[in-house]
Amino acid sequence: GPINSTFDLETENAVKRFQMNNDLTVTGVVNSTTWDLINSLYGNLNDCAIENGGNGNTGYLTYTVAAGDTLYSIARKYDTTIDAIKNLNNLTSNTLQIGQQLKIPTEVDSDTNEDYISYTVVGGDTLYALAQRYGTTVDAIKSLNNLTSNTLSIGQVLKIPTASSGDNDGFISYIVSNGDTLYAIARRYNTTVDAIKSLNNLTSNTLSIGQVLKIPTSSSGNNQYISYIVKNGDTLYALARRYNTTVDTIKNLNNLTSNTLSIGQVLKIPVG
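Residues numbered from 1 in each chain as written. Predicted model: local features only at pLDDT ≥ 70, side-chain atom pairs only at ≥ 80, totals over all residues. Heavy atoms only, no water.

**What to know about the overall build of the protein**
Here is the rule we go by: Secondary structure counts use DSSP, requiring at least four H or I residues in a row for a helix and at least two E residues in a row for a strand, with both numbered from the N terminus. Relative accessibility under 20% of the residue-type maximum defines a buried residue, over 50% an exposed one, and the middle range a partly exposed one, all with a 1.4 Å probe and only protein chains included. In this description, contact between two residues means that some pair of their heavy atoms is separated by no more than 4.5 Å. Here, Shrake-Rupley sampling with a 1.4 Å probe gives the accessible areas, and only protein chains in the shown set may cover a residue.
Secondary structure assignment for the protein yields 11 helices and 9 strands. Relative to its 272 residues, the protein shows a buried fraction of 36%. At a minimum sequence separation of 6, the contacts of the protein that also span at least 24 residues come to 55%. Element-wise, carbon and sulfur atoms account for 45% of the exposed surface of the protein, whose accessible area totals about 15,400 Å².

**Remarks on the confidence of the model for the protein**
The following threshold applies: Note on scores: pLDDT gives the predictor's confidence for each residue, bounded by 0 and 100.
With 77% of its residues at a pLDDT of at least 70, the protein reaches an overall mean of 75. For the protein, per-element mean pLDDT is lowest for helix 3 (residues 45-52), which scores 47, and highest for helix 11 (residues 247-254), which scores 86. Of the regions scoring below 50 in pLDDT, residues 49-58 engages in 15 contacts with residues more than four places distant in sequence or in other chains. Scored below 50 in pLDDT, residues 163-168 makes 10 contacts in the model with residues more than four places away or belonging to other chains.

**Some points on unusual backbone geometry**
Unusually for a residue other than glycine, Asp23 sits at a positive phi of about 60 degrees. Within the secondary structure layout, Asp23 lies in the loop between helix 1 (9-21) and helix 2 (32-42). In this model, Asn255 sits at a positive phi of 55 degrees, which is unusual for a non-glycine residue. The topology assignment puts Asn255 in the loop between helix 11 and strand 9 (266-270).

**A few points about helix 9 (residues 193-200)**
Applied cut-off: The reported arc concerns the directions from the helix axis to the C-beta atoms and nothing else.
Listed as buried for helix 9 are Ile196, Lys197 and Asn200. Buried positions in helix 9, seen along its axis, are confined to an arc of 95 degrees and lie on one side of it. Facing away from the buried side of helix 9 by more than 90 degrees, the exposed set consists of Asp194 and Ser198. Phi turns positive one or two residues past the end of helix 9, at Asn201, with a value near 55 degrees.

**Topic: the nonpolar core**
Put simply, the rule reads: Take the buried Ala, Val, Leu, Ile, Met, Phe, Trp, Tyr and Cys residues and link them wherever side-chain atoms come within 4.5 Å; each set so joined is a nonpolar core.
In terms of nonpolar packing, the biggest core is built from 23 residues, with Ile185, Tyr189, Leu213, Ile215 and Leu267 touching the most fellow members. Counting residues per element, the ones that place at least two in this core are strand 5 (171-175), helix 8 (182-188), strand 6 (212-216), strand 8 (223-229), helix 10 (236-242) and strand 9. Leaving out residues up to four positions away in the same chain, Ile185 has contacts with Tyr174, Asp180, Ile196, Leu207, Leu213 and Ile215. Counting 15 residues, the second largest nonpolar core, distinct from the first, contains Trp35, Ile74, Leu102 and Ile104.

**Quick look at the environment of Ala84**
The residue Ala84 is located in helix 5 (residues 82-89) in this model. What makes Ala84 partly exposed here is its relative accessible area of 26%. Ala84 sits 73 residues away from Val157 along the chain, and the two C-alpha atoms are 10.0 Å apart.

**Examining helix 5**
Along helix 5, the residues classified as buried are Ile82, Ile85, Lys86 and Asn89. All buried residues of helix 5 project into a common sector of 95 degrees when viewed along the axis, lining one side. Within two residues after helix 5, Asn90 carries a phi angle of roughly 55 degrees, on the positive side.

**A look at the side chain of Lys86**
With respect to the secondary-structure elements, Lys86 resides in helix 5. In this structure Lys86 comes out as buried when scored by relative accessible area, which is 17%. Discounting chain neighbours no more than four positions away, the residues touching Lys86 are Leu71, Leu91, Thr92, Ser93 and Asn94.

Okay, structure coming up:
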């Protein structure tokens, strides 16, 4: 049917048929499992949502809240912030309901050339601890966020200054997340465990969530790039947003003629 962002009865029945035909639990709700399978089979759904959704020049995709979802987990999944989701959906609280339809912003911010990451404050965080974790200073964080005190609120989104990922030292900065291992990171960025350990002066393979690692990059002429292995659910738009580049730049570097990606495909991602 037509792409209109309206989840009507026709759409719900289509979802149920899809779930039944693919041995999924038939609920009529597009949870993350259903979405990932649709995207895996048909591809580029995020691009489709960006092209057809939104208001004026603001792109978004439509997400159906599933059991266990929180604004924090959804914001992390789609590389956005809690405040951005709340503003787009006119939410006044962080409470979600199963089956609720959310608009998820996909438009790249106009200031993505700044050297910072977005961090959502959790219980126990302090400016001093964050500065230590990300190799910066309390004053630098306060200045970037126009803070007048050291008080933080849970759920507050901070800009954390980082080292430029395109410097002349031949590395990018990577923040360790849950489940990461040196082996997995080395495979993802086409390098070795020893190279990462040497660059970061590590004496063991143990990693901590939130730890900042320098990841060595390869060079192509005067341009630096990393090698990225495409995973289920990846799109060119999402990769371009994650690595602060553009879809056309990735396509040109890899001689791609379409936006279609294959799981296991190796892409050069510019970081310089």
